[in-house]
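Commentary on secondary and tertiary structure
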Amino acid sequence: MNLTQLFDRSFRGRSHQVALEFQGRQFTFAQLDDRANRMAALLTSRGLTQGDRLCIYLANCLTFLDLYLACTRLGIIFVPINILYREREILHILADAQPKAVVANDPIPGNTPLWIASELSLPGSAPDARIPLDGDTPAALVYTSGTTGTSKGAILTHNNFIVNAINLNACWEITADDRFLLALPLFHVHALGNGLHCWLASGCRMKLLERFEHQKAAREFLAFCPTLFFGVPTVYVRLLGLPEAQAREIGSFMRLFVSGSAPLPAQVLEEFRTLYGHTILERYGMTETLMNISNPYHGERRPGTVGLPLPGVSVRIQNGELQLHGSNLCAGYWNRPEATAEAFAEGWFRTGDMAEISPDGYYTLLGRKSDLIISGGFNIYPREIEDFLLEQPEVAEAAIAGQPDAVRGEVPVAYIVATSPFDPADLEARCRRVFASFKIPRAFIPVDALPRTALGKVQKRLLPPWKP
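Here the structure is a predicted model, which means the values were calculated and not measured.

Thresholds, definitions, all that
Residues numbered from 1 in each chain as written. Predicted model: local features only at pLDDT ≥ 70, side-chain atom pairs only at ≥ 80, totals over all residues. Heavy atoms only, no water. Helix = DSSP H or I, 4+ residues; strand = E, 2+ residues; numbered from the N terminus. Buried < 20%, exposed > 50% of the residue type's maximum accessible area, 1.4 Å probe, protein only. Contact = heavy atoms within 4.5 Å. Areas by Shrake-Rupley, 256 points an atom, 1.4 Å probe, with all protein chains shown as cover. Lys, Arg positive; Asp, Glu negative; His and termini not counted. Charge placed at Lys NZ, Arg CZ, Asp CG, Glu CD. Pairing = 2+ DSSP bridges. Axes fitted to C-alpha atoms, helices over the stretch in contact; angles between N-to-C directions. Core = buried A, V, L, I, M, F, W, Y, C linked by side-chain atoms within 4.5 Å. Salt bridge = Lys/Arg side-chain N within 4 Å of Asp/Glu carboxyl O.

**A look at the overall build of the protein**
Within the protein one finds 13 helices and 25 strands. Structurally, the protein occupies a C-alpha span of about 65 × 55 × 45 Å along its principal axes. Scored against the burial criterion, the 468 residues of the protein give a buried share of 60%. Taking contacts inside the protein between residues at least 6 apart in sequence as the whole, the part at least 24 apart equals 67%. When the accessible area of the protein is evaluated, it comes to approximately 19100 Å², of which 50% is carbon and sulfur surface. Each charge sign in the protein was given a centre, from 44 positive and 47 negative side chains, and these centres are 3 Å apart.

Put into structure tokens, the structure is as follows:
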């Protein structure tokens, strides 16, 4: 089976039902099916064929959905790029993925052929674009960073996405009766791998927002009356700021709130339960594996834990590290055989996350073997920022460490050993020219020396704490 065949339960089985609301417009499943065929015809006319890569640098929009559905029908590998990325980050992905084209709203760096999204004119009609594809066909190439800071493309197959959607719909009881509010960015695997696929596989009605805006959150919830919502901890912190009356009204029609992409503080879970009358369901996933572990829909949603392994996912702890095995694992890293071999140990994926298991099977994450910082659901790998800072003339040594933050969970802070006096604002400005906003250090702290082991490894836990 491929993704289009799975989605046909909705495209053909619920063809005349409203599938999507976006920016005041409604679309049935039949209309989305037709748009996907028309977009597929456009891509074919521009020379794209099975196995080609197509990069997408867009915020949530109808064109994003059209392109993804067309690619899954033609076997074209979909490569989403974080819209917060800047030149340095974009060029790396384009060089690595070698796409035939990139779709964006505005000019981007590099020599890859650029297609402006607003200029993609769909033909008036098109035949069925479905071609035979098996489940091992790559569907998407989603870039994540390794502990070295080198961005790698995880090859996610049709089977990876299918198994993930079936698992989540079954375990979280997502059905065609749900009303799903999705405000997460589709370029992120949380929205693409979970949100989009659960929607199309279940046949529920989805309202897609271009972005989450906490000032408009109450209005969006109360206007659409969703039953299902996916968020990251930062979003739930923002929702705690709604007036009690509005929170109670939202809780009255909601069925399930899900949190992922970063650890959910137990205090946030408890405060949310008090305010909304719902216990957030926390789960654990990765770009390379999609969803692995989840608190139960029925049963105890235990604060501070990520729950129990999902069906078909085997979990073990080796030397404190959580490792995974199952059909949810990606097919490896794009053109990185050494990185693939390092990540997989006899079929088990090394997550780099430290964990422990309770006597009754609940897993708790204890931290990361690497220096990974998760800020507002986005991964930040310090090496990338450190390398850039070391290129600056006044910087002799640099270390990036995560520091606690009440809203984003943690934020990056730079510790600088300088060759000459430096202006923190100037360093920040230089970082903003090359990095996404969530990667910008919140402070640049001068230190006389970085604490190191006898072998020269920086001991970041010994760096001085930072308070905003």
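**Topic: the side chain of T28**
Here T28 lies in strand 2 (residues 25–28). Aside from chain neighbours lying at most four places away, what touches T28 is S15, H16, Q17, V18 and A19.

**Observations regarding the sheet that holds strand 24 (residues 409–418)**
Judged by pairing direction, the sheet is mixed, and its three strands sit side by side in the order 23-24-25 without closing on themselves. Unpaired on one side and paired on the other, strand 23 (395–405) and strand 25 (444–446) mark the two borders of the sheet. On average, each strand axis in the sheet is inclined to that of its neighbour by 30°, with strand direction left out of account. Each of strand 23, strand 24 and strand 25 is contacted by helix 12 (residues 382–390), which is oriented at about 145° to strand 23, the strand it contacts most.

**What to know about the nonpolar core**
Formed by 116 residues in total, the largest nonpolar core has its most connected members in L43, L54 and W199. With nine residues, helix 3 (residues 62–74) is the largest single contributor of residues to this core. Setting aside anything within four residues of it in sequence, one finds L54 in contact with L43, L48, L67, C71, I76, I77, F78, V79, P99, A101, V103 and W115. Among the nonpolar cores identified, the runner-up in size contains 38 residues, and Y143, I373, V395 and I400 belong to it.

**Considering the environment of V79**
Looking at the element boundaries, V79 is found in strand 4 (residues 77–80). Take V79: its relative accessible area is 0%, and that puts it in the buried class. A sequence separation of 126 residues divides V79 from R205, and the C-alpha atoms of the two residues are 26 Å apart. If we ignore the near neighbours within four places in the chain, the residues touching V79 are R53, L54, C55, I56, I93, A97, L141 and Y143.

**Let's talk about the pattern of salt bridges**
Side chains carrying opposite charge are able to pair once their charged atoms draw close together. Across all of its chains, the model carries 27 salt bridges by this definition. Note that R302 and E300 form a salt bridge whose closest N and O atoms lie 2.9 Å from each other. The exposure class of E300 is partly exposed, given its relative accessible area of 42%.

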